[in-house]
Amino acid sequence: MKIAVCVKQVVTRDWPLRINDSHTWVDDRDASFEMNEPDAYALEEALRLKEQHGGEVVVCSAGPPRVNQVIREALARGADRAIHVEAESLASADGAMVAEALAAPMEEEQFDLVLTGLQSDDQGFAQTGVVLAEFLSIPHATIIMEVQVGAGRVRVKRELEGGWFQWVSMSTPALLTIQSGINQLRYATLKGIMAAKKKEVRLVEPPAELARRQEILMLSVPERTKEIRLFDGAPAEAAGKLVQALKDDARVI
Amino acid sequence: MILVIAEQRDGVLHQASWEAVVAAQRTTQAVQVLVAGSGVMSVAEDLATADIDSVLMIDHPLLEAYTPDGFIEAISQVVRSMSPDAVFLAHTYQSREFAPRLAARFQQTLVTDCVATKQVGDRLVFVRPMFQGKFVADVAPVALSPCFASFQIGAFRQDAVVRGSDSAAIYPQEVVIQDDMIRQEVEPPFQEAKQAVDLSQAERIVAVGRGIKSKDHIELVERLAAALGAEVAASRPICDSGWLPMDRQIGSSGQTVSPKLYLALGISGAIQHLVGMKGSRTIVAVNKDPDAPIFEVADFGIVGDLFEVVPAIISALSE
Ligand SMILES: Cc1cc2nc3c(=O)[nH]c(=O)nc-3n(C[C@H](O)[C@H](O)[C@H](O)COP(=O)(O)OP(=O)(O)OC[C@H]3O[C@@H](n4cnc5c(N)ncnc54)[C@H](O)[C@@H]3O)c2cc1C
Ligand SMILES: Nc1ncnc2c1ncn2[C@@H]1O[C@H](COP(=O)(O)O)[C@@H](O)[C@H]1O
């Protein structure tokens, strides 16, 4: 089975981000980056499916040259090769633009299964995978917590709201957006890291006129609407004041 | 005109649909509401009580169970014939699945998870969180109509819906869909085995997030919970990693709680977590990042390292 996994590189979760001077994006010039969390679960699921059913796992990522870092990481974890759609303009692109950039090289490959994360930690469009399914003209299902592969079909467990689930089946090729927690992640071994160096990363240019469909007019820090009492001082002092307030003011202990 | 797509399951309206109606009513445009399914007349009648121009109803046996293919096909036919300026939905699990693809059929993107709209000149601009709520962005669709937007659950109050003096008219819509257009085959929804722990009854909850760093430190949180007479709960990543069982998870895919005291330790405050706990009476946040969104819902807070603050709270409690 030929499986694609779409992986996005995002700013490390704990990075103290600042808004850029034009208030349209973040200043990420010296930020550190990591693999978008649900994408790591999508990759793990792809590797497990390959172990069960054979085949190949191909990492697909769109973005500037720095994206190579997460591609190498995915190869070190066990993906076989990669496609990198490379362009500076893809660094802060909207979901449909990214899907369009990925679609052309992915269509050629004729994957049996395409896995993406359900949402990115930075822009959080929650749609790149779904739109990619439209561009690839294949059926899709979202927020998946289990994947069963049969002959020419997949049966998947969709997470619904409020603790409900549902099984859905469809023919392959198909696209699934994977939810965090579907499996337990593996980490790269030294052997994997060495092997990754020799694996193929195909660089692809995005289509010439890639259309931006949404633009960020202004990025800002949200205003606080609720009154909050912050306790400062050394930990013992702050903790003492908090406990006092919980007893005397809130009366909850 | 704004077309709101309402959501129903088994003839029951999803409550967040009212919030999308409110979002539309707050603009200067006329509002119509579309509902799709099979046997949805009573849902349409319910929607018709709102102060809107009309309700459009797609009633088709192939739409009895929700499938993305079926719904996208049917709804796109009505969107095409009505040519609205904008299409609004609630940002639910179901709209996450079909609405981006629906928008793509119209060469558009969906502006997801919006919390407000603004009229800037002749442009409708949407306010949405980015970087997990750390920032908010004013976002505008580049091309004109129709634009597609989905609204974060809880961003508008459903009881703010303006009711009409008369019932709005209900117009059944003809759509052409066939069996072979629907590639997904769905089984009935189910719940996992009954939750072992019911946190909704807890008076006090100490919840832990990824700031705890490793499974070994969970014990620290358990000590604080014991000192407070509280239950232990967690954000999703803690349960995903297997550091606490799934039935301790709070949020949109976990339990919803409203205890007297909710103490959030090393939890950033992503919206999917907030929806499960923001009804708590007193919320306390301990986080080393002063800009963490959790501080926006907290009553009390300490900006600091939980590994220093939590032991200090434990000893303050024993005094
Ligand atoms: C469809 C969907 C459903 C979801 N359902 C849920 C759900 O039900 N429940 C849920 O919780 N999430 C859910 N999520 C995930 C959610 O979006 C967030 O990813 C998650 O809540 C983040 O968890 P966290 O706050 O523990 O981790 P992070 O966001 O990583 O936050 C960790 C926090 O710890 C702080 N910190 C780090 N070190 C320290 C220290 N030493 N002392 C003090 N503070 C420290 C950091 O400043 C940071 O704010 C869902 C997501 C999706 C897309
Ligand atoms: N630039 C990108 N390159 C590869 N995959 C991406 C990219 N952006 C988004 N994705 C995939 O689409 C999913 C959803 O992202 P989003 O629509 O931004 O919330 C992610 O989890 C990734 O799997």
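Residues numbered from 1 in each chain as written. Chains lettered and ligands numbered in written order. Predicted model: local features only at pLDDT ≥ 70, side-chain atom pairs only at ≥ 80, totals over all residues. Heavy atoms only, no water.

Comments concerning the overall build of chain B
- Scanning chain B from N- to C-terminus turns up eight helices and 19 strands.
- Within chain B, the fraction of its 319 residues that count as buried is 59%.
- Contacts in chain B between residues at least 24 apart in sequence constitute 63% of all its contacts with a sequence separation of at least 6.
- A total of about 12500 Å² of accessible surface is found on chain B, and carbon and sulfur atoms cover 49% of it.
- Measuring between centres, the 25 positive side-chain charges of chain B sit 7 Å from its 39 negative side-chain charges. (Helix = DSSP H or I, 4+ residues; strand = E, 2+ residues; numbered from the N terminus. Buried < 20%, exposed > 50% of the residue type's maximum accessible area, 1.4 Å probe, protein only. Contact = heavy atoms within 4.5 Å. Areas by Shrake-Rupley, 256 points an atom, 1.4 Å probe, with all protein chains shown as cover. Lys, Arg positive; Asp, Glu negative; His and termini not counted. Charge placed at Lys NZ, Arg CZ, Asp CG, Glu CD.)

Notes on the nonpolar core
- If you look at the biggest cluster of nonpolar residues, it comprises 48 residues, and the most contacted ones within it are Val4(B), Leu47(B), Phe88(B) and Phe126(B).
- The element best represented in this core is helix H1 (residues 16-25) of chain B, accounting for six residues.
- The contact partners of Val4(B), leaving out residues within four places of it in the chain, are Ala20(B), Val21(B), Ala24(B), Val31(B), Gln32(B), Val33(B), Leu34(B) and Phe88(B).
- Membership of the second largest hydrophobic core comes to 39 residues, among which are Phe231(A), Ala238(A), Leu246(A) and Ala316(B). (Core = buried A, V, L, I, M, F, W, Y, C linked by side-chain atoms within 4.5 Å.)

Overview of the side chain of Gln32(B)
Residues and elements named next belong to chain B.
- Mapped onto the fold, Gln32 is located in strand S4 (residues 31-37).
- Overall, Gln32 belongs to the buried group, its relative accessible area being 10%.
- Beyond its immediate sequence surroundings of up to four residues, Gln32 is in contact with Met1, Ile2, Leu3, Val4, Asp53, Ser54, Leu56 and Met82.

A closer look at the domain arrangement of chain A
- Domains assigned within chain A are domain 1 (2-204) and domain 2 (223-253).
- Measuring from the centre of the C-alpha atoms in domain 1 of chain A to the corresponding centre in domain 2 of chain A gives 42 Å. (Domains from an automatic or database assignment.)

Some thoughts on the site of ligand 2
All names here are of chain A.
- Near ligand 2, the surroundings consist of 20 residues, among which Asp39, Ala62, Ser120, Ala126 and Thr128 are the closest.
- Between ligand 2 and Ser120, the relevant distance is 2.6 Å, taken from an oxygen atom to a side-chain nitrogen or oxygen of the residue.
- In the complex, the protein chains occlude 98% of the 480 Å² of accessible area that ligand 2 would expose alone.
- Listed by contribution, the elements that provide at least two residues to the shell around ligand 2 are strand S4 (56-63), helix H3 (95-109), strand S6 (113-117) and helix H4 (128-135). (Near = heavy atom within 4 Å. Polar contact = N/O pair within 3.5 Å; in protein donor to acceptor, adjacent residues only side chain to side chain.)

Thoughts on the site of ligand 1
- Around ligand 1, the surrounding shell holds 33 residues, and the nearest of these are Ser235(B), Ile250(B), Ser253(B), Ser268(B) and Gln272(B).
- Close to ligand 1, residues of chains A and B are found.
- Note that an oxygen atom of ligand 1 is positioned 2.8 Å from one of the backbone N or O atoms of Arg210(B).
- Across the complex, the protein chains shield 93% of the 980 Å² of accessible surface that ligand 1 would expose by itself.
- For the shell around ligand 1, the elements supplying multiple residues, two or more each, are helix H4 (93-105), helix H6 (236-240), helix H7 (271-274) and helix H8 (306-318) of chain B.

Examining the sheet that holds strand S12 (residues 214-220) of chain A
- In space, the four strands of this open sheet follow the order S12(A)-S10(B)-S9(B)-S8(B), with antiparallel pairing throughout. Bordering the open sheet on either side are S12 of chain A together with strand S8 (116-120) of chain B, each of which pairs with just one other strand. Each strand axis lies, on average, 30° off the axis of its neighbour in the sheet, ignoring direction. (Pairing = 2+ DSSP bridges. Axes fitted to C-alpha atoms, helices over the stretch in contact; angles between N-to-C directions.)

As for the side chain of Arg96(B)
- Here Arg96(B) is to be found in helix H4.
- Comment: no salt bridge for buried Arg96(B); closest opposite-charge side chain is Asp113(B), at 6.2 Å.
- Of the polar contacts made by the side chain of Arg96(B), one reaches the side chain of Gln119(A); its length is 2.9 Å.
- With residues up to four places along the chain from it excluded, the contact list for Arg96(B) reads Leu118(A), Gln119(A), Ala126(A), Val130(A), Thr142(A), Ile143(A), His91(B) and Gln272(B). (Salt bridge = Lys/Arg side-chain N within 4 Å of Asp/Glu carboxyl O.)

Re the interface of chain A and chain B
- Across the contact, 84 residues belong to chain A and 81 residues belong to chain B.
- Across the chain A to chain B interface the summed buried area is about 7400 Å²; carbon plus sulfur atoms make up 54%.
- The interface formed by chain A and chain B holds ten salt bridges in total.
- A salt bridge links Glu185(B) to Arg153(A); the nearest nitrogen and oxygen atoms lie 3.3 Å apart.
- Of all the secondary-structure elements, those providing two or more residues to the side of chain A that touches chain B are helix H1 (37-53), H4, strand S7 (140-150), strand S8 (153-159), strand S9 (164-171), S12, strand S13 (229-230) and helix H6 (235-248) of chain A.
- Of the residues forming the side of chain A that touches chain B, the biggest block, nine residues, is contributed by H6(A).
- Considering only residue class, the side of chain A that touches chain B consists of 44 nonpolar, 19 polar and 21 charged.
- Sheet analysis places S12(A) next to strand S10 (residues 135-141) of chain B, joined by six bridges and oriented antiparallel. By the bridge assignment, Leu219(A) is partnered in S10(B) with Ala137(B). (Buried area = accessible area lost by both parts, 1.4 Å probe. Nonpolar A, V, L, I, M, F, W, Y, C, P; charged D, E, K, R; others polar.)

Topic: the packing of H3(A) against H4(A)
All names here are of chain A.
- Relative orientation of the contacting elements H3 and H4 amounts to 45°, with a least axis distance of 8 Å. Taken together, the axes of H3 and H4 lie oblique to each other. Considering only the axes of H3 and H4, their crossing is right-handed. Taken together, the residues of H4 that come into contact with H3 (itself represented by Gly95, Ala96, Val98, Ala99, Glu100, Leu102, Ala103, Met106 and Glu107) are Thr128, Val131, Leu132 and Phe135.
- Taken together, the residues that form the contact of H3 with H4 break down as nine nonpolar, two polar and two charged. (Parallel < 35°, antiparallel > 145°, perpendicular 65-115°, else oblique. Left-handed = near helix turned anticlockwise from the far one by under 90°.)

Structural notes on the packing of aromatic side chains
- Evaluated as defined, the whole model comprises twelve aromatic pairs over all chains.
- Relative to Phe148(B), the ring of Phe106(B) has its centre 5.7 Å away and its plane inclined at 40°; by these criteria the two rings are tilted. Of the two residues, Phe106(B) sits in the loop between H4 and strand S7 (110-114) while Phe148(B) sits in strand S11 (residues 147-151), which places them 42 residues apart along the sequence. The same class applies to Phe106(B) as to Phe148(B), namely buried.
- One aromatic cluster is present, formed by Phe88(B), Phe126(B), Phe151(B) and Phe156(B) through successive ring pairs.
- The ring of Phe111(A) is capped by Lys2(A), whose NZ or CZ atom sits 5.5 Å from the centre of that ring.
- For Arg163(B), the ring lying beneath its charged end belongs to Trp18(B), and the centroid distance is 4.6 Å. (Phe/Tyr/Trp six-rings, centres within 6.5 Å; stacked < 30°, edge-to-face > 60°. Lys NZ or Arg CZ within 6 Å of the ring centre and 35° of its normal.)

Examining unusual backbone geometry
Residue and element names in this part refer to chain A.
- In this structure, Pro173 follows Thr172 across a cis peptide bond, with omega equal to 0°.
- With respect to the helices and strands, Pro173 occurs in the loop between S9 and strand S10 (174-178).
- Despite not being glycine, Ser137 shows a phi value in the positive range, around 55°.
- Mapping Ser137 onto the fold places it in the loop between H4 and S7.
- According to the relative accessible area criterion, Ser137 is exposed, its value standing at 53%.

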